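Remarks on the overall topology
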Amino acid sequence: MQERLASLTRTTKETDIQLTLNLDGSGVYAVECPIGFFDHMLSAFCAHGLFDLSGRISGDTDVDQHHLVEDTGITIGRAFAQALGDCAGIYRSGSSLFPMDETLARAAVDFGGRAYLVYNAALSGVPLVSACKQGAASFQTDTAADFWQGFVSGALCTLHIDVLRGRSDHHKLEASFKAAARAIRDAVRIDGRRGGAVPSTKGIIV
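Structural notes, computed from the coordinates. (Residues numbered from 1 in each chain as written. Predicted model: local features only at pLDDT ≥ 70, side-chain atom pairs only at ≥ 80, totals over all residues. Heavy atoms only, no water.)

**Regarding the overall build of the protein chain**
To keep things clear, this is the line we draw: Strands are runs of DSSP state E lasting at least two residues, helices are runs of H or I lasting at least four, and both sets are numbered from the N terminus onward. For a compact globule the rule gives 2.2 Å times the number of residues to the power 0.38, and the radius of gyration it is set against comes from C-alpha atoms. Each residue is assigned to one of three classes by its accessible area relative to the maximum for its type, calculated with a 1.4 Å probe on protein chains only: buried under 20%, partly exposed between the two thresholds, exposed over 50%. Pairs of residues are marked as contacts when any of their non-hydrogen atoms sit within 4.5 Å. Accessibility throughout is a Shrake-Rupley quantity obtained with a 1.4 Å probe, and a residue counts as covered only by protein chains that appear here. Charged-residue counts in this description rest on Lys and Arg as positive and Asp and Glu as negative, His and the chain ends being excluded. Charge placement uses NZ in Lys and CZ in Arg. For Asp and Glu, CG and CD serve respectively.
From N to C terminus, the protein chain includes four helices and ten strands. Secondary structure elements of the protein chain occur, N-terminal to C-terminal, as β-β-β-α-β-α-β-β-β-β-β-α-β-α. Against the compact-globule benchmark of 17 Å for 206 residues, the protein chain has a radius of gyration of 16 Å, which places it among compact chains. Taken over the C-alpha atoms alone, the protein chain extends approximately 50 × 40 × 25 Å along its principal axes. Going through the 206 residues of the protein chain one by one, you find that 51% of them count as buried. Once local pairs closer than 6 in sequence are excluded, the contacts in the protein chain between residues at least 24 apart make up 78%. Accessible surface computed for the protein chain: about 9,200 Å², of which carbon and sulfur atoms make up 49%. Side-chain charges of the protein chain comprise 19 positive and 23 negative groups, with the mean position of each set lying 8 Å from the other.

**Things to note about helix H3 (residues 143-155)**
Applied cut-off: An expected span of 1.5 Å times one less than the residue number is assigned to each helix.
In this model H3 runs 18 Å from its N-terminal to its C-terminal C-alpha over 13 residues, within 8% of the 18 Å that 1.5 Å per residue would give. The buried fraction of H3 is high, at ten of 13 residues. Taken residue by residue, H3 has Thr143, Ala144, Asp146, Phe147, Trp148, Gly150, Phe151, Val152, Gly154 and Ala155 as its buried positions. With its phi angle positive at about 55°, Leu156 sits one or two positions after the end of H3.

**Observations regarding the sheet that holds strand E5 (residues 93-100)**
Quick note on the threshold: Any two strands are treated as partners once DSSP identifies two or more bridges connecting them. For helices, the fitted axis covers only the stretch in contact; all axes are lines through C-alpha atoms, and the angles between them, taken along N-to-C directions, range from 0 to 180 degrees.
Spatially, the four strands line up as an open sheet ordered E5-E6-E10-E7, and their pairing is mixed. The outermost strands of the open sheet, each flanked by one partner alone, are E5 and strand E7 (116-120). Each strand axis lies, on average, 10° off the axis of its neighbour in the sheet, ignoring direction. Bridge count for strand E6 (residues 103-110) against strand E10 (residues 158-165) is seven bridges, and the pairing is antiparallel. Counterpart to Ala107 in the pairing with E10 is Ile161. Against the sheet, H3 contacts E7 and E10, and its axis sits at roughly 160° relative to E7.

**As for the pairing of E10**
Pairing between E7 and E10: five bridges, direction parallel. Its bridge partner lying in E10, Val118 is registered against His160.

**Remarks on the sheet that holds strand E3 (residues 29-32)**
Read from one edge of the open sheet, four strands run E1-E2-E4-E3, paired in mixed fashion. Strands with a single pairing partner mark the edges of an open sheet, and in this sheet they are strand E1 (5-11) and E3. Strand-to-strand twist in this sheet, taken as the mean axis angle between neighbours without regard to direction, amounts to 5°. Relative to strand E4 (residues 52-59), E3 runs parallel, the two sharing four bridges.

**A few points about the nonpolar core**
Rule in force here: Here, the term nonpolar core denotes a set of buried Ala, Val, Leu, Ile, Met, Phe, Trp, Tyr and Cys residues that are joined through side-chain atoms within 4.5 Å.
By size, the foremost hydrophobic cluster in this structure holds 61 residues, and its most contacted members are Phe38, Ile57, Phe80, Phe111, Trp148, Phe151 and Ile184. Residue contacts for Phe80: discarding those within four places in its chain leaves Leu21, Leu23, Phe45, Phe51, Phe111, Phe151, Ala155, Ile184 and Val188.

**Some points on the packing of aromatic side chains**
Aromatic ring pairs are reported here in terms of the distance separating the ring centres and the angle at which the planes meet. We count it as follows: Any two of the Phe, Tyr and Trp rings considered here, Trp counted by its six-membered ring, make a pair once their centres fall within 6.5 Å; the pair's planes then place it as stacked at under 30 degrees, edge-to-face at over 60, or tilted in between. Ring-over charges, as used throughout, are those where CZ of Arg or NZ of Lys falls within 6 Å of the ring centre and within 35 degrees of the ring normal.
Taken as a whole and assessed by the stated rule, the structure comprises 14 aromatic pairs. Judged by centre distance (5.7 Å) and plane angle (75°), the rings of Phe38 and Phe147 are edge-to-face. In this pair, Phe38 sits in helix H1 (residues 36-49) while Phe147 sits in helix H3, placing the two residues 109 residues apart along the sequence. Both rings, one in Trp148 and one in Phe151, keep their centres 5.7 Å apart while their planes meet at 75°; by these two values the pair is edge-to-face. Of this pair, Trp148 and Phe151 are both found in helix H3, three residues apart, which corresponds to roughly one turn of the helix. Accessibility expressed as a relative area gives 0% for Phe151, which makes it buried. Here a set of aromatic residues connected by ring pairs shows up, and it is made of Phe37, Phe38, Phe45, Phe51, Phe80, Phe111, Phe139, Phe147, Trp148, Phe151 and Phe177. Taking the ring centre of Tyr91 as reference, the NZ or CZ of Arg189 above it sits at 4.4 Å.

**Re the pattern of salt bridges**
The test is simple: Take a side-chain nitrogen of Lys or Arg and a carboxyl oxygen of Asp or Glu: if they are within 4 Å of each other, that pair is a salt bridge.
Following the criterion strictly, the structure yields eight salt bridges and no others. Its salt-bridge partner being Asp71, residue Arg10 comes within 3.2 Å of it at the nearest N-O pair. One end of the pair, Arg10, is in strand E1; the other, Asp71, is in helix H2 (residues 66-84), with 61 residues separating them in the sequence. Of the charged contacts, one joins Arg194 and Asp191 as a salt bridge, the two residues approaching to 3.9 Å between their closest N and O atoms.

Laid out in structure tokens, this is it:
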């Protein structure tokens, strides 16, 4: 099977992002990211989705992390849309329950051509402190929702993420990223029984 690849660049007055995605990879992550915890989440997303992602992301983190995190979500989402093309032959939808110690997260996705996000992570709102990288010493946990909103707008998919229980914000976020990765991995897999047809009664994903 030919690998499904996409390379995108997004440059604005706030961010500069260059990423290459391979949907049919082995989970290799090689992205220069200035936010330690966000880097950890992107790495986990690739490892559990078996997506290869490389490149670099930078932005005005001296102002706020929102711009960079959201624009990264948009760019990765658009990379998925580009790599999937008309979505012919894929399963289209997927779901996952992912436990992490006291935390249980659930994700469900449909690459049906409509951008919609439901995100319930029950986070405390307190930033997570991490090792300082290029001046960004903590992760603004509220921007996780911005990442996923950017992702669905770029990928044109419906995504539901719910933390069903948990105590640690670290665990809630990590379990959420891993659950989403597994759900998305299942959704973009090639369905051998479909024979290359578009997975829609309309005959087209819109």
